[in-house]
Amino acid sequence: MTKIERKTKETDIKIELELYGSGKNSIKTGIGFFDHMLQAFSKHSLIDLNVDCVGDIEVDFHHSVEDVGIVIGEALRKEIFPITNIERFGEATVVMDEAAIFCAIDLSNRPFLVYDIECEGLIGEFNCELAEEFFRALVFNAGITAHIIYQRGKNRHHIIEAAFKSLALSIRRAVAKNDRIGIPSTKGVL
């Protein structure tokens, strides 16, 4: 279990993360839709995740969403690296009614994000553009290359939730144990 605390003038965050958990979670950010997304992320990745975030949400949700992504990314990096005896690559397409989102990841220790989802407007009080900010913060701090790609859909809630779930499943598949692999790189190091 990795525990990280991060305090700035905008946010005060405490995270506990267990990569090989069962999807148990306790999420408190003060942002209802974001809490729902983090609960889905935990459940479908099977990562045990506790998040306690007090942020300046009276200003905007941006600082809380991005900073939670930073801290979850830092915790994932500590849990994943150095890589040995895991698959390394993972992918998933998640459908939610009319929406389908594809995600492919590489636990490369070379962070990069391709985010090809056009979703504008609000889901409740949550601005869709914040999802990209969260994913960017997470993958860059975790050392993950991720491609999160819109395939179809109209409902904003379905599109963003499918994105969170597709990343979760991709991580679950990439960290699957495989004792035959050793270090999953021809370089011998990641």
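Source: prediction; values computed, not measured. (Residues numbered from 1 in each chain as written. Predicted model: local features only at pLDDT ≥ 70, side-chain atom pairs only at ≥ 80, totals over all residues. Heavy atoms only, no water.)

Draft legend 1. Highlighting helix α1 (residues 32-45). With 14 residues, α1 should cover 20 Å at 1.5 Å per step; its first-to-last C-alpha distance of 20 Å lies within 8% of that length. Turning to α1, its buried residues number three or more, namely Phe33, Phe34, Asp35, Met37, Leu38, Ala40, Phe41, Ser42 and Ser45. Where α1 terminates, the next one or two residues include leucine 46, which has phi positive at roughly 65°. (Helix = DSSP H or I, 4+ residues; strand = E, 2+ residues; numbered from the N terminus. Expected span 1.5 Å × (residues − 1). Buried < 20%, exposed > 50% of the residue type's maximum accessible area, 1.4 Å probe, protein only.)

Draft legend 2. A look at unusual backbone geometry. Phenylalanine 81 connects to proline 82 through a cis peptide bond whose omega is 0°. If you trace the backbone, proline 82 turns up in the loop between α2 (62-80) and β5 (89-96). Positive phi, normally seen in glycine, also occurs at leucine 46, with a value near 65°. Relative to the helices and strands, leucine 46 resides in the loop between α1 and β4 (48-55). Backbone geometry at asparagine 85 places phi at a positive 60°, although glycine is not the residue there. With respect to the secondary-structure elements, asparagine 85 resides in the loop between α2 and β5.

Draft legend 3. The pairing of strand β1 (residues 2-7), seen in detail. Pairing geometry for β1 and strand β2 (residues 11-18), over 6 bridges, is antiparallel. The partner of isoleucine 4 across the bridge, within β2, is isoleucine 15. Linking β1 to β2, which pair antiparallel, is a turn of 3 residues. (Pairing = 2+ DSSP bridges.)

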